[in-house]
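What follows is the residue order along each chain.
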Amino acid sequence: MKMTLLSGIRTSQAFLALIASALLLTGCGGESTEALPNTSGNNTSVSYSGPAPATDDVLNFKRSVWDNLATQDKCGACHNDGGQSPQFVHENNINTAYAQANTIVNLSDPSQSELVTKVAGGHNCWLSSTTACADILTTYVANWAGGAGGSAKTVELRAPAIKDVGDTLAFPEDPTQFATHIYPTLTQYCSECHTSNGQTPYIASGDVSIAYEQAKSRIDLNDLEDENGDTVLPGDASSRLVQRLWDDNHNCWANSCTESATTMLARIQDFIASLGEPEPIPQELVTSKALNLEADGLLANSGGRFEDNVIALYEFKAGEGQTAFDTSGVSPALNMTLSGNVGWVGGWGVEFGPAYENTDGDMIRAGKAQGSTDDSRKLHTLLTASGEYSFEAWVVPGNVVQEDARIITYSGSATARNFTLGQTEQLYDVLHRSTTSDQNEPFSTESNPMLLQATLQHVVVNYSPDGGRQIFVNGQPTGDVDPDSAGLLTDWDNTFALVFGNETDGNSPWEGALRMVAIHNRALTPEQVQANYEVGVGQKFFLLFSVSHLIDGMEQSFIVFEVSQFDSFGYLFSNPFYIDLNDEAAPSGVPLKGMRIGINGREPAVGQAFANLDITLGSPDYVPGSGQQLSSLGTVIGLEQGPGIDEFFLTFEELGNGQDVRTEGSLPSQPDPEDLGDVSTIGLKTFEEINASMSKMTGVPTTEPAVYNTYNLVKQQLPTVPDIEGFLASHQMGITQLAIQYCDALVRNDTARENFFPESFDFDASVAVAFNTTGRETLIGVLLEKLVGTDIDTQPSDTAVESELNSLITTLTACPEGCDAERTKTVVKASCAAVLGSAVTLIQ
């Protein structure tokens, strides 16, 4: 492989031109906070002049619950003095209101309070989302119940309704019905790729048995009728064979993905109809009782989180509409209006996308969520009062190449802000205004320049007057030290707006998803950050699978899983443990082997991470009241009909008095490996090898400041694997920048220059003298000797290199207005970089 030696110089010149253009644009634009309607509702306060609270608990009730609910827009219009019972917002006697409230709250489990569950069922919610109202009421009751001092919230386990596993359809062992209804369509349209000698899955294999085994996990036997008895349509089908056509536009036929998906679903429905009526699960299975996530799951999201000082909270539970609700319970509610390309994520979350043109030719703006300036003012009020903050978020960056992207910002424009968390490629950037910092100078995660990844990450930014800024990612401090001394937040502007996924002007879009955002008016401690990270995020439940019928003498025995909707396509089951809710009972020598997860009456073929469990329940591992950990693993089970419909259960090879001996079937036959042909023996040096080579060849240490900074800047765009087929134009740009810095340091440093270049070359001479015939031969000769060598048969000839360098020198020494005194050194640097950044250095 040969690369043009001048390509590095040309690339760097183009790159520098772009930098210059960007610098010219920096000063453009002004402050343009977009004012949105105030969506927080009427927060008119209610004056109280009745008897004083009789106890401290009554006073806490007033502050936490009564003050928030006594207004006419919430509960004050009905449950007041002379109104409906219970009169828990009695306006004339707080002690009476307190007594009435105690009849409809559960202080040990606030989410189960009648006050909460009734509103969750649709009773007089003051917002457009009953979920948001229920969450806010839960917060009010929890604040009343909870103590101060940074305590973590906990979840109390309680038994669900006990129900048996329902009937279901099952795949027949014989592939005849599959061969009749589905296989012909697969072989007709998918055999170009998905045969035994092609791509997995082998759903169009010439062997129908192989195709059947491969297709089973991609067919949902519930895709015939929905819960209302209506025929399932392609857009609602759960079968992956249909989704790939309908959602992903994957290799559709007849020039229509709609027609292709409809045809595929029709064949699947014919197959399902041929299977007859649903059957009960096999009698030999040893099973737990059954559960549904939404109906039986115990909400676990608050368990273990530190939220005592949260002033704005977004869990994105609504799942629809144009509002992300602030459920912190701190008035005014700082609700966020969604606009542009924003979508809801299954299992709680919102996803921001780029601008695009829709099918009607209309331009859809890049997504963002923005609060009103009036409601955002509470951030100014409460954060400047405390002088510190924690911005906490669960983020999923859409990629690692976006720059100037705002994830969370409390700002007025692209250049005026109070706080910003942003992304620059693989760096998290934090900018903020204080008495000691420049609001537009980023503090970034530079100690680990590839810390930001396109996956779910927990990010916390702390600020305090004595500690300055500190960044945590996935529970751990990044190690970056705030370059500014700690100051005050007194310079914050109260006219700015809180924005997610963009800037107020819409010109700094971020692509990715937010799963949760919490703003605290106190800095979290490192221990609290770690605890909040370990709790996780999303719609998370405890599922308590009853196994009491399998263990003699244990009447309240359950195997408990943490379960969350991982995304729109699957459930995450993790951290199972065994417990009996009777603290006086304990198992003794109970065997548990081969646990599997079932869904809708059958065991999925994949995701059975607990099938090898072989443990004994009892002392010393079992602790009454806490239970016994079974595994620290997690696994994903495919979503079929959704969290409101899918039914889960557990099966066991052995548990207590139940036993199901299983034998592993033979593995399906596998096709012969494909012959991929010869692989090149010539490869690329990877990023660390390139850096080491340039240092060795020039004699400039890798720790030289300009070189070190440039390497950290471009490291992520240098080759990471030695496959020469993976070489990209972006690689060349990064290599060129690094080569220029090495050659610049080589010429600038007297010692390095004297060791590398011969004394006969005069760096202080004019270009006419320095690059005469003798000077050129001297310079080119030393570059050939020390940077090219003669070790690789495939490298360019010396004659070709000399020709390129002579052409470059001639171009750079042509100065119509006369060359300046530094021109000679500049030409040497350019000539050095042209060779150092070429294929001669890269190939190995």
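Residues numbered from 1 in each chain as written. Predicted model: local features only at pLDDT ≥ 70, side-chain atom pairs only at ≥ 80, totals over all residues. Heavy atoms only, no water.

Notes on the pairing of strand E29 (residues 647–655)
Of all nine residues in E29, eight are buried, a share of seventy percent or more. One ladder, built from two bridges, connects strand E1 (residues 286–287) with E29; its direction is antiparallel. Residue pairing across strands places Thr287 opposite Thr651, the latter belonging to E29. For strand E2 (residues 291–292) and E29, the ladder comprises two bridges, and the chain directions are antiparallel. Residue Asn292 lies in a different strand from E29, and its bridge partner there is Glu647. Of the pairings in the sheet, the one linking strand E25 (residues 590–599) to E29 comprises seven bridges and is antiparallel in character. Across the sheet, residue Arg596 finds its bridge partner in E29, namely Thr651. Where E29 and strand E30 (residues 658–659) come together, two bridges link them in antiparallel fashion. Note that in E30 the partner of Leu655 across the bridge is Gly658. Where E29 hands over to E30, the hairpin turn is made up of two residues, of which Gly656 adopts a positive phi near 60°. (Buried < 20%, exposed > 50% of the residue type's maximum accessible area, 1.4 Å probe, protein only. Helix = DSSP H or I, 4+ residues; strand = E, 2+ residues; numbered from the N terminus. Pairing = 2+ DSSP bridges.)

Topic: the confidence of the model for the protein
With 91% of its residues at a pLDDT of at least 70, the protein reaches an overall mean of 85. When the elements of the protein are averaged for pLDDT, helix H1 (residues 7–25) gives the smallest value, 35, and strand E20 (residues 497–500) the largest, 97. The model gives residues 1–43 a pLDDT under 50, and that stretch makes 71 contacts with residues more than four places away or in other chains. Contacts for the low-pLDDT stretch residues 147–152, under 50 throughout, to residues beyond four places or in other chains number 12 contacts. (pLDDT = per-residue confidence, 0-100. Contact = heavy atoms within 4.5 Å.)

Details of the state of the cysteines
Here is the idea: a disulfide is a covalent bond, and it sits between the sulfur atoms of two cysteines. Within the structure shown, the criterion is met by four disulfides. Between the sulfur atoms of Cys252 and its disulfide partner Cys257 the distance amounts to 1.9 Å. Taking the sign of the S-S torsion, 100° for the link of Cys252 and Cys257, the bridge is right-handed. Look at the protein and number its bonded cysteines as they come in the sequence; the links are 1-2, 3-4, 5-8, 6-7. A disulfide-free cysteine, Cys75 has its sulfur positioned 8.3 Å from the sulfur of Cys78, the nearest such atom. Free of any disulfide, Cys190 has its nearest cysteine sulfur in Cys193, 8.4 Å distant. (Disulfide = S-S within 2.5 Å.)

Examining the pattern of salt bridges
Under the definition given, this model contains 26 salt bridges. Residue Asp482 is joined to Arg469 by a salt bridge in which the shortest nitrogen-to-oxygen separation is 3.0 Å. Here Asp482, found in the loop between strand E19 (476–477) and E20, pairs with Arg469, found in strand E18 (residues 468–473); they are 13 residues apart in sequence, far enough to count as distant. Judged by its relative accessible area of 13%, Asp482 is buried. (Salt bridge = Lys/Arg side-chain N within 4 Å of Asp/Glu carboxyl O.)

Let's talk about the packing of helix H19 (residues 773–788) against helix H21 (residues 823–836)
Relative orientation of the contacting elements H19 and H21 amounts to 35°, with a least axis distance of 10 Å. The two elements H19 and H21 meet at a crossing, and its hand is right-handed. Taking contact as the criterion, the partners of Leu779, Leu783, Leu787 and Val788 in H19 are, on H21, Val828, Ser831, Cys832, Val835 and Leu836. Residues belonging to the contact of H19 with H21 are distributed by class as follows: eight nonpolar, one polar and no charged. (Axes fitted to C-alpha atoms, helices over the stretch in contact; angles between N-to-C directions. Left-handed = near helix turned anticlockwise from the far one by under 90°. Nonpolar A, V, L, I, M, F, W, Y, C, P; charged D, E, K, R; others polar.)

Side note on helix H13 (residues 526–535)
Along H13, the positions that sit buried rather than exposed are Gln528, Val529, Ala531, Asn532 and Val535. All buried residues of H13 project into a common sector of 165° when viewed along the axis, lining one side. Opposite its buried face, H13 presents the exposed residues Glu527 and Glu534, each directed more than 90 degrees away. Of the surrounding elements, those touching the buried residues of H13 are strand E12 (389–397), strand E17 (457–464), E18 and strand E22 (540–546). Following H13 by one or two positions, Gly536 has its phi on the positive side, about 85°. (Arc of directions from axis to C-beta.)

A closer look at unusual backbone geometry
Of note, the amide linkage connecting Ser331 to Pro332 takes the cis form, showing an omega dihedral of -5°. Of the consecutive residues Ser619 and Pro620, the connecting peptide bond is found in the cis state with omega at 5°. Residue position: Pro620 is located in the loop between strand E26 (614–617) and strand E27 (628–629). Positioned with a positive phi, Asn251 is a non-glycine residue whose angle comes to about 50°. With a phi angle near 55°, Phe316 is a residue other than glycine that sits in the positive phi range. Following the sequence through the fold, Phe316 ends up in the loop between strand E4 (310–314) and strand E5 (323–324).

Describing the packing of H19 against helix H20 (residues 798–812)
Two numbers describe a pair of packed helices, the interaxial angle and the distance between the axes. Relative orientation of the contacting elements H19 and H20 amounts to 130°, with a least axis distance of 11 Å. Relative to H20, H19 is oriented oblique. You can see that H19 and H20 cross each other, and the crossing is right-handed. Each of Arg776, Leu779, Ile780, Leu783 and Leu784 in H19 lies in contact with H20, whose residues at this interface are Asp798, Val801, Glu802, Leu805, Asn806, Ile809 and Thr810. Tallied by class, residues from the contact of H19 with H20 come to seven nonpolar, two polar and three charged. (Parallel < 35°, antiparallel > 145°, perpendicular 65-115°, else oblique.)

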